[in-house]
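The primary structure of each chain is shown beneath.
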Amino acid sequence: SSVIGDEEAQALIAHQQDDDAKARFEFDKLLPIEDKEPDIEIIQLYIPLYGAGISFSCMIALSNRVLELTTSVEDRIQYAGLKAFMYITVGDDDAARGAFAEAVACGRAALQKKPLGDRAKHLFAGALVHLGILTENPQKLEEASAIFRALPLIKNLDAGRPCGAL
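Remember, it's a predicted structure, so these values are computed and weren't measured experimentally.

> Can you help me understand the overall build of the protein in this one?
When helices and strands are counted, the protein shows eight helices and zero strands. Here the protein holds 166 residues, and 40% of them are scored as buried. Restricting to contacts in the protein with at least 6 residues of sequence separation, those with at least 24 account for 54%.

> Sorry, what's going on with the environment of Ile 77 here?
Relative to the elements of secondary structure, Ile 77 occurs in helix α5 (residues 73–89). Relative accessible area serves as the criterion here: at 1%, Ile 77 is assigned to the buried category.

> Honestly, helix α4 (residues 56–69) in this entry has me stumped. Any pointers?
An α-helix turns once per 3.6 residues; consequently, residues spaced three or four apart project the same way. For α4, spanning 14 residues, the distance from its first C-alpha to its last is 20 Å, which sits close to the expected 20 Å at 1.5 Å a residue. In this structure, the buried residues of α4 make contact with α3 (40–50), α5 and α6 (93–113).

> Got a minute to help me understand the pattern of salt bridges in this structure?
One side chain can pair with another of opposite charge once the charged atoms of both are near each other. With the rule as written, the count across this model stands at six salt bridges. Linking Glu 68 and Arg 65 is a salt bridge whose minimum nitrogen-to-oxygen distance equals 2.9 Å. Residue Glu 68 and its partner Arg 65 are located together in helix α4, separated by three residues, close to a single helical turn. By relative accessible area, which is 48% here, Glu 68 ends up partly exposed.

> Is there a simple way to explain the nonpolar core in this structure?
Side chains that are nonpolar tend, in soluble globular proteins, to be buried together. Residues Phe 27, Tyr 46, Ile 47, Leu 62 and Phe 124 are the most contacted members of the largest nonpolar core, which totals 43 residues. When contributions to this core are tallied by element, the ones reaching two or more residues are α1 (6–16), α2 (20–27), α3, α4, α5, α6, α7 (118–135) and α8 (138–150). If sequence neighbours within four positions are ignored, Phe 124 has contacts with Ile 77, Ala 103, Val 104, Gly 107, Arg 108, Leu 111, Leu 116, Glu 143 and Ile 147.

> Would you mind showing me how to read the environment of Asp 118 here?
Mapped onto the elements of the fold, Asp 118 is located in helix α7. Residue Asp 118 is classed as partly exposed on the basis of its relative accessible area of 32%. For the pair formed by Asp 118 and Glu 74, sequence separation is 44 residues and the distance between their alpha carbons is 9.9 Å.

> Where do I start with α2 in this structure?
When α2 is considered as a whole, its buried residues turn out to be Ala 23, Glu 26 and Phe 27. Down the axis, α2 shows its buried residues gathered within 95° of arc, on one side only. Across from the buried face of α2, at angles greater than 90 degrees, the exposed residues are Ala 21 and Phe 25. If you follow the buried residues of α2, they end up packed against α1 and α3.

Rules and cut-offs
Residues numbered from 1 in each chain as written. Predicted model: local features only at pLDDT ≥ 70, side-chain atom pairs only at ≥ 80, totals over all residues. Heavy atoms only, no water. Helix = DSSP H or I, 4+ residues; strand = E, 2+ residues; numbered from the N terminus. Buried < 20%, exposed > 50% of the residue type's maximum accessible area, 1.4 Å probe, protein only. Contact = heavy atoms within 4.5 Å. Expected span 1.5 Å × (residues − 1). Salt bridge = Lys/Arg side-chain N within 4 Å of Asp/Glu carboxyl O. Core = buried A, V, L, I, M, F, W, Y, C linked by side-chain atoms within 4.5 Å. Arc of directions from axis to C-beta.

So this is what it looks like as structure tokens:
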């Protein structure tokens, strides 16, 4: 990741303080954000700040860019899930199934190496739920339910994170 700039820092601080108007004011100085943006933190801040105004194709491109750049299991599950939700909004259930399957596969692969943290488990279980619904697979729903039941109550899954895209 690159060195954080003043505008990015101010935008991040404002966003974490739930002052998205100030965050957008600072972030506007960094625009435009391209689909080849090299700084993952900028993309992860841009998406929740401007989400409603981001076109479908740009959101897919930005999600793909995060997936290219990240080594984080949480990010991989989250942004594959974001892509899936975007596909659902345009009625492309096949692509949504594929993206949720990607999120689930990432979670399963990570579990083979080490236990997931609570946030990653939550994201993984959410992807399982949606994949289970789209594929009409009750076993996936049961698996997700077991994961959710085993998790502690989490008041704010995004505490200390630059964004909560899902």
